[in-house]
Amino acid sequence: MDPEAVRKYSALHAKPDGLVLQYGTAGFRTKAERLDHVMFRMGLLAVLRSKQTKSTIGVMVTASHNPEEDNGVKLVDPLGEMLAPSWEEHATCLANAEERDVWRVLMDISEKAAVNLQQEAFVVIGRDTRPSSERLSQSVIDGVTVLGGQFHDYGLLTTPQLHYMVYCRNSSGRYGEATVDGYYQKLSTAFVELTKQAFCGGNEYRSLKVDCANGVGALKLREMEPYFSQGLSVQLFNDGTKGKLNHLCGADFVKSHQRPPQGMEMKSSERCCSFDGDADRIVYYYSDTDGHFHLIDGDKIATLISSFLKELLVEIGESLNIGVVQTAYANGSSTRYLEEVMKVPVYCTKTGVKHLHHKAQEFDVGVYFEANGHGTVLFSKAAEMKIKQLAKELEDKKRKAAQMLANVIDLFNQAAGDAISDMLVIEAILALKGLTVQEWDALYTDLPNRQLKVKVADRQVISTTDAERQAVTPPGLQEAINDLVKKYKLSRAFVRPSGTEDVVRVYAEADSQVSWDSAGEKVGSERLTTEVAGGGGGEKGKLF
Ligand SMILES: CC(=O)N[C@H]1[C@@H](OP(=O)(O)O)O[C@H](CO)[C@@H](O)[C@@H]1O
Ligand SMILES: [Mg+2]
């Protein structure tokens, strides 16, 4: 650790004057050309975090579903989870430090977090396919090396693959082998084992169209296909050979526009899905015989998965508890179905995977999904041990259920939501249960809903409580929402400041198309833009 070297290299990755960025819901995200200094400094910070935790730390260079010109970076903690909140603050502090203060801030962080500077450090790095990502990940490496950290650069990876690598390395290989081949092997073996019994019924379910958002998911799915092709054939669209990343395609586009991606040839009743740009989200959809588009989002994915898991848990007859975690964006119909029909407890957390992940850890089997398709299932260590033990011991029928659960545990990415892993789980469940995509969709009917983005002068004037479902400030806002919502059946609306974009998000749902349009429009444009934004920089809220 040489202060002079840090100063010298830092100057080569200088911070643009006056630029202030914040470590948000998913790390730093902005236009790629503003991020060089942030990358270098996150390399430095990853070394400190690695020393402090005496573990391998991950750095992922991606801006997920955001436009190709953007980029971003986030750190991955030892068990493959998101960076601890206190270190998010250190990250923001370091990213915004003036050039001359960088060394001092590093020392401050080391002192506050009791980092032993003599400790060795190891950092693993992954990146998506954006044109800027290779250069920016080189800046991360510069930061790591100048502080004397060791590193392994995995190059192109999906975000969940990087989380997987970190988890593997910190569990001495118990979770799996920390290579892409290890990832492919682990998931594919579990998938093939799980679906073995399904094939007696023929192969009609076994093909799937995948929109890869022109992102890294295309490369990785293509590499992986030979490992699982005996159980599933995938046809890739938007594979990056021509279109632009996330442009008119990908999970975020499909979910927010509720229409198919460009470049996908959909025939009626075919099962299709979309990944986002870094392949940690997935949504399914199909078009019916009348040509109507049907979206199957994260809520319906959570429902399918939890009903499958609940049946297996009942079958093995152990008292393992299961819980489903959602956010305020979950469709009211999904929550009602889970609670009232399936009798599974449902919990609501703030937006952002780290909140859901944290809550899901409280259960033996914790299912969490954001409506936008980011999610996974976590199994407690005790549940995993018990299930794997029962898979060897029990009499026939119960053993089969325990074996299925054991394979499901291996198939889910326990570190992060993962489009590839979720896709394989869903395909296995549909095959095992003999469900068509329409039958899955028919589990319940979504309440019509709408999201608006509203640009306001200062989005932080809005603060919320009750897992973001109630506005606390500015005064009067919640009362106005309540008055509106009262007028419509089964309706619900809330506003919150986005953690990733400079906008306020408005959500509204109600029992008919007419109601939600007017409710959404009213909450969105009238109240927010005229009163909350205070006339300073507010634009008319528009549907997107
Ligand atoms: C409504 C919505 O989809 N919000 C997204 C979005 O967060 P915001 O804080 O709403 O900007 O980006 C997050 C990170 O990708 C994701 O976790 C979350 O679900
Ligand atoms: Mg993503």
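The rules we used
Residues numbered from 1 in each chain as written. Chains lettered and ligands numbered in written order. Predicted model: local features only at pLDDT ≥ 70, side-chain atom pairs only at ≥ 80, totals over all residues. Heavy atoms only, no water. UniProt positions renumbered as here; feature names shortened; annotations may be inferred. Helix = DSSP H or I, 4+ residues; strand = E, 2+ residues; numbered from the N terminus. Rg over C-alpha atoms; globule rule 2.2 N^0.38 Å. Buried < 20%, exposed > 50% of the residue type's maximum accessible area, 1.4 Å probe, protein only. Contact = heavy atoms within 4.5 Å. Lys, Arg positive; Asp, Glu negative; His and termini not counted. Charge placed at Lys NZ, Arg CZ, Asp CG, Glu CD. Polar contact = N/O pair within 3.5 Å; in protein donor to acceptor, adjacent residues only side chain to side chain. Pairing = 2+ DSSP bridges. Axes fitted to C-alpha atoms, helices over the stretch in contact; angles between N-to-C directions. Salt bridge = Lys/Arg side-chain N within 4 Å of Asp/Glu carboxyl O. Parallel < 35°, antiparallel > 145°, perpendicular 65-115°, else oblique. Nonpolar A, V, L, I, M, F, W, Y, C, P; charged D, E, K, R; others polar. 1 Å grid on protein atoms, 1.4 Å probe; cavity = no way out; pocket = protein on both sides within 12 Å on 5 of 7 lines; lining within 4 Å. Points joined across faces, edges and corners; volume = space filled by probe spheres on them. pLDDT = per-residue confidence, 0-100.

- Labelled according to an unreviewed UniProt entry, the protein appears under the name Phosphoacetylglucosamine mutase, originating from Equus przewalskii.
- Under the UniProt heading Catalytic activity (unreviewed entry), the entry covering the protein gives this text: "N-acetyl-alpha-D-glucosamine 1-phosphate = N-acetyl-D-glucosamine 6-phosphate".
- Per UniProt, the protein has the following entry under Sequence similarities (unreviewed entry): "Belongs to the phosphohexose mutase family."

## A few points about the overall build of the protein
Thought 1: Scanning the protein for helices and strands turns up 18 helices and 20 strands.
Thought 2: Whereas a compact globule of 544 residues would reach a radius of gyration of roughly 24 Å, the protein reaches 23 Å, a difference of no more than 12%.
Thought 3: In terms of overall dimensions, the protein has a C-alpha envelope of 70 × 60 × 45 Å along the principal axes.
Thought 4: For the protein, buried positions account for 59% of its 544 residues.
Thought 5: Put simply, of all contacts in the protein between residues at least 6 apart along the chain, 70% involve residues at least 24 apart.
Thought 6: Charged side chains of the protein number 63 positive and 73 negative; the gap between the two group centres comes to 1 Å.

## A word on the environment of Asp181
Thought 1: Tracing the backbone shows Asp181 in helix H7 (residues 180–195).
Thought 2: Taking C-alpha positions, Asp181 is 9.6 Å from Tyr227, a pair spaced 46 residues apart along the chain.
Thought 3: Polar side-chain contacts of Asp181 include one of 2.3 Å to the side chain of Tyr227.

## Quick look at the sheet that holds strand E3 (residues 70–76)
Thought 1: As summarised here, the arrangement of the five strands in space is E1-E3-E2-E4-E5, forming an open sheet in which the pairing is mixed. Across the chains shown, the open sheet's two edge strands, defined by having one partner strand only, are strand E1 (28–31) and strand E5 (150–156). Sheet twist, expressed as the mean angle between neighbouring strand axes with direction ignored, is 15 degrees.
Thought 2: Bridge count between E1 and E3: four bridges; the pairing is antiparallel.

## Looking at the side chain of Lys74
Thought 1: Note on placement: Lys74 falls in strand E3.
Thought 2: The charged side chain of Lys74 is buried without a salt bridge, its nearest counter-charge being Asp280 at 4.5 Å.
Thought 3: Sequence-distant contacts of Lys74, that is, excluding residues within four places in its chain, are made with Tyr23, Ala26, Gly27, Gly58, Val59, Met60, Met82, Thr159, His163 and Asp280.

## A word on the pattern of salt bridges
Thought 1: As enumerated under the stated definition, the model contains 35 salt bridges in all.
Thought 2: Residues Glu193 and Lys196 are paired through a salt bridge, measuring 2.8 Å at the closest nitrogen-oxygen approach.
Thought 3: Arg222 serves as the salt-bridge partner of Asp239, at 3.3 Å between the closest nitrogen and oxygen. Taken together, the positions of Asp239 in the loop between strand E7 (233–237) and helix H9 (251–257) and Arg222 in helix H8 (residues 216–228) put the pair 17 residues apart, joining distant regions of the chain.
Thought 4: Taking the relative accessible area as the measure of exposure, Arg222 reaches 46% and is therefore partly exposed.
Thought 5: Here the salt bridges share partners, and the residues they tie into one network are Lys381, Glu384, Lys388 and Asp410.

## What about the packing of helix H6 (residues 159–170) against H7?
Thought 1: Remark: H6 packs on H7, axes separated minimally by 10 Å, with the N-to-C direction vectors making an angle of 95 degrees. For the element pair H6 / H7, the angle class is roughly perpendicular. Touching Gln161, Tyr164 and Met165 of H6 are Val180, Gly182, Tyr183, Tyr184 and Lys186, all from H7.
Thought 2: Classifying every residue of the contact of H6 with H7 gives five nonpolar, two polar and one charged.

## Examining the layout of surface pockets
Thought 1: Roughly 1000 Å³ of internal volume is contained in the second largest pocket.
Thought 2: Taken together, 33 residues form the lining of the second largest pocket, with Gly24, Arg459, Ser498, Gly499 and Thr500 sitting closest to its centre.
Thought 3: Among the elements of the structure, E1, helix H12 (353–360), strand E16 (463–465) and strand E18 (492–497) are those that each provide at least two residues to the lining of the second largest pocket.
Thought 4: Sorting elements by how many residues they give to the lining of the second largest pocket places E1 first, with three residues.

## Details of the confidence of the model for the protein
Thought 1: Of all residues in the protein, 93% have pLDDT values of 70 or greater, and the mean over the chain is 91.
Thought 2: Note on residues 532–544: pLDDT is under 50 here. Beyond four places in sequence and across chains, it has 38 contacts.
Thought 3: On the interface metric, ipTM, the complex scores 0.98, and its pTM is 0.94.

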